[in-house]
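Each chain, written out:
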Amino acid sequence: MRGTRTEISGDSSVSRSIEPSQRLPLEQDGTPARSRGGSRRRLLWRGPIERLVILYMCAALGAFVLCGAGLALAQRHAALKEVVRDARATATLLSTRVVQPALPLSAPARLDADQTFDRVIRERVLGAPLTQARIVDESGLIVYASEPGVVGQREDLSAEELQTLRTGVATASRDGGSDPTDLVGGRAGRSLDVSAGLRAPSGQPLLLQTSQPFAVVWLTSRAVWLSLLPSLVLALVLLYLVKIGFTYRLTRSLNAVQEEREQLLVTALAAADRERTLIASDLHDGVVQGLAGASYTLTDTANRTRAAGQTELADSLAATARSLRQWVRELRSLIVTVTPPALHSEGLHATLTDLVATLEARRIDVDLDVQVGDGLSETGESLVYRVAQEAVRNIVRHANATQVHVVVAEEAGWLQLQITDDGRGFDPAVSARRQGSVGLPLLAALVQERGGQLQVASATDSGTTVTLRLPLVTAPRRGAQTNRAAP
Ligand SMILES: Nc1ncnc2c1ncn2[C@@H]1O[C@H](COP(=O)(O)OP(=O)(O)OP(=O)(O)O)[C@@H](O)[C@H]1O
Ligand SMILES: [Mg+2]
């Protein structure tokens, strides 16, 4: 059955969640960047944590600006309300303390004729900011007006003014109708009209109506608001600075954890290499030497047996010795495979050439193309080698391939290793469900730790392509090695 070509990651859940370009770049000596003197500061503002923090701070700044604008608007509204409230309080005071005591004892029909009363109004009520004053009775009849020609006329009293007549509580309106504290109308409006209640000596309820230019009210409230605004801005800026401080500290601790993880990874890799070297050297010095000695002894015995005329037994002994030597060869090649190569002294090209030799030994056609500059760290080199090693092992164990292409190339700040075989391939979805296979998933996790990507593209009967992408460091490490070869 031919399956569709699918791409998987060894551990897709982990690999997808991390952006490789955001990871800590590898240092020249394979150690994480924190072991370098003075690099801590440099580390603080790069990588995924820093990007998240910067994003968070930008979002917080946006939120602060929005909050600030909202609070400033609320303050502006409060300032306007305060000035209108002041105007109402002033009107109440004037009506009860100045106008009411000045009212004549007779019924107030036309108060404008009363010179004394008129003088009191002009001297003690009118003047900045009040420009007009009227007194009306409960029927709306104007009994006094500071402007000429309106006394004796009737006006319609609003519901609020009728309420004021009953309760004495002052009301205010813009141009005699709309809400004076409404910010939407801005400074538009001719006057702020305030009505306050008072009583004539006869007990008759009257209304004192005063007017002042609305522009004065608006400007006064703006001055109040502007005097409050700096403290609001200062409080918000201080709050934001404190937030930056906390975030900076948080970033530092997150970075420390990140660096620790990087260090642990390097230590784990080194420990695994040491372990494998020990096993290989034990095998080489013990089992291999013993088997090689036994094969020579058998050859010698076969020669002597042949000289004694026992040809059949000699042939059998010689065949056993040959097979023993074959096993010794297999064992040696196994030792080469498990021994960590002298990657950093020999270079990637030489070690990959040795690695693919195990494929050639199995009559698999190999095309190796390595073009590496100087941007790959030693840990990066180790990782490239490990991925190549697992891919080669998988080809030997599972692929039944006849041709393999290995390409290592650099492109736009990334190193790419691609190993393609023409073997039987597999369905990654099925393989992902299988228990016990850890080679590719473990590698994917390692690669992801190093900020890279590992992808395996395969389909049944369509071969397999393993692609590794690693970010390169910019600082040159040593002389470039650029080779092209077909071993
Ligand atoms: N080149 C390949 N050709 C065909 N099948 C492959 C190839 N590479 C991997 N596979 C399939 O994918 C599976 C998972 O591979 P993986 O390397 O993760 O585990 P494994 O090789 O089975 O065991 P190990 O944990 O020892 O590596 C394999 O069992 C095999 O079925
Ligand atoms: Mg494997």
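Residues numbered from 1 in each chain as written. Chains lettered and ligands numbered in written order. Predicted model: local features only at pLDDT ≥ 70, side-chain atom pairs only at ≥ 80, totals over all residues.

Draft legend 1. Focus on the overall build of the protein. Across its full length, the protein holds twelve helices and twelve strands. Looking at the protein as a whole, 28% of its 487 residues qualify as buried. (Helix = DSSP H or I, 4+ residues; strand = E, 2+ residues; numbered from the N terminus. Buried ≥ 20, exposed ≤ 12 C-beta atoms within 10 Å, placed from the backbone.)

Draft legend 2. Quick look at the packing of helix α9 (residues 348–360) against helix α10 (residues 378–399). The geometry of α9 relative to α10 is characterised by a closest axis approach of 10 Å and an angle of 10° between their N-to-C directions. Taken as axis vectors, α9 and α10 run roughly parallel relative to one another. On α10, the residues touching Leu348, Thr351, Leu352, Leu355, Val356, Thr358 and Leu359 of α9 are Glu381, Val384, Tyr385, Ala388, Gln389, Val392, Ile395 and Val396. A breakdown of the residues in the contact of α9 with α10 according to their chemical character gives eleven nonpolar, three polar and one charged. (Axes fitted to C-alpha atoms, helices over the stretch in contact; angles between N-to-C directions. Parallel < 35°, antiparallel > 145°, perpendicular 65-115°, else oblique. Contact = placed C-beta atoms within 7 Å. Nonpolar A, V, L, I, M, F, W, Y, C, P; charged D, E, K, R; others polar.)

Draft legend 3. Geometry of the UniProt feature "transmembrane region" (unreviewed entry) in the protein. Look at the UniProt record and you will see "transmembrane region" (unreviewed entry) annotated at residues 52–74 and 223–242. The distance from the first to the last C-alpha atom of residues 52–74 is 32 Å, and the span holds 100% helix and 0% strand. Secondary structure over residues 223–242 splits into 100% helix and 0% strand, and the C-alpha atoms at its two ends are 30 Å apart. (UniProt positions renumbered as here; feature names shortened; annotations may be inferred.)

Draft legend 4. Here's a closer look at the site of ligand 1. With respect to spatial proximity, 17 residues lie near ligand 1, and among them Asn394, Ala399, Ser437, Gly439 and Leu440 are the closest. Elements represented by at least two residues in the shell around ligand 1 include exactly α10 and α12 (439–449). Here the shell around ligand 1 takes six residues from α10, the largest share from any one element. Of the residues in the shell around ligand 1, the class split is five nonpolar, eight polar and four charged. (Near = placed C-beta within 6 Å.)

Draft legend 5. Here's a closer look at the environment of Arg166. Position of Arg166 relative to the elements: it lies in helix α5 (residues 159–167). The exposure class assigned to Arg166 is exposed, which follows from the 11 C-beta atoms found within 10 Å. In sequence terms Arg166 and Leu207 are 41 residues apart; their C-alpha atoms lie 9.9 Å from each other.

Draft legend 6. A look at the pairing of strand β3 (residues 142–145). Relative to β3, strand β2 (residues 132–137) runs antiparallel, the two being bridged by three bridges. Note that in β3 the partner of Val136 across the bridge is Ile142. Counted between consecutive antiparallel strands, the loop separating β2 from β3 contains four residues, among which Gly140 sits at a positive phi close to 95°. (Pairing = 2+ DSSP bridges.)

Draft legend 7. Looking closely at the confidence of the model for the protein. Taken over all residues, the pLDDT of the protein has a mean of 81, while the share at 70 or more is 84%. Averaged over each element, pLDDT in the protein is lowest for helix α1 (residues 12–17) (30) and highest for strand β9 (residues 414–421) (95). Within the model, pLDDT remains below 50 along residues 1–45, and this stretch shows 103 contacts once partners closer than five positions in the same chain are excluded. Across residues 475–487 the pLDDT falls below 50, and counting only partners more than four positions away or on other chains, this stretch makes 29 contacts in the model. (pLDDT = per-residue confidence, 0-100.)

Draft legend 8. Geometry of unusual backbone geometry. Notably, Arg363 is not glycine yet its phi reads approximately 60°, a positive angle. You can see Arg363 is positioned in the loop between α9 and β7 (365–372). Residue Ala412 is not a glycine yet carries a positive backbone phi of 45°. By secondary structure assignment, the location of Ala412 is in the loop between β8 (403–411) and β9. By the C-beta count within 10 Å, which is 6 here, Ala412 ends up exposed.

Draft legend 9. View of the environment of Ile135. Note on placement: Ile135 falls in strand β2. When the C-alpha positions of Ile135 and Leu111 are compared, they lie 8.6 Å apart, and in sequence the two are 24 residues distant. The residues contacting Ile135, other than those within four sequence positions of it, are Leu111, Val143, Tyr144, Leu206, Leu207 and Leu208.

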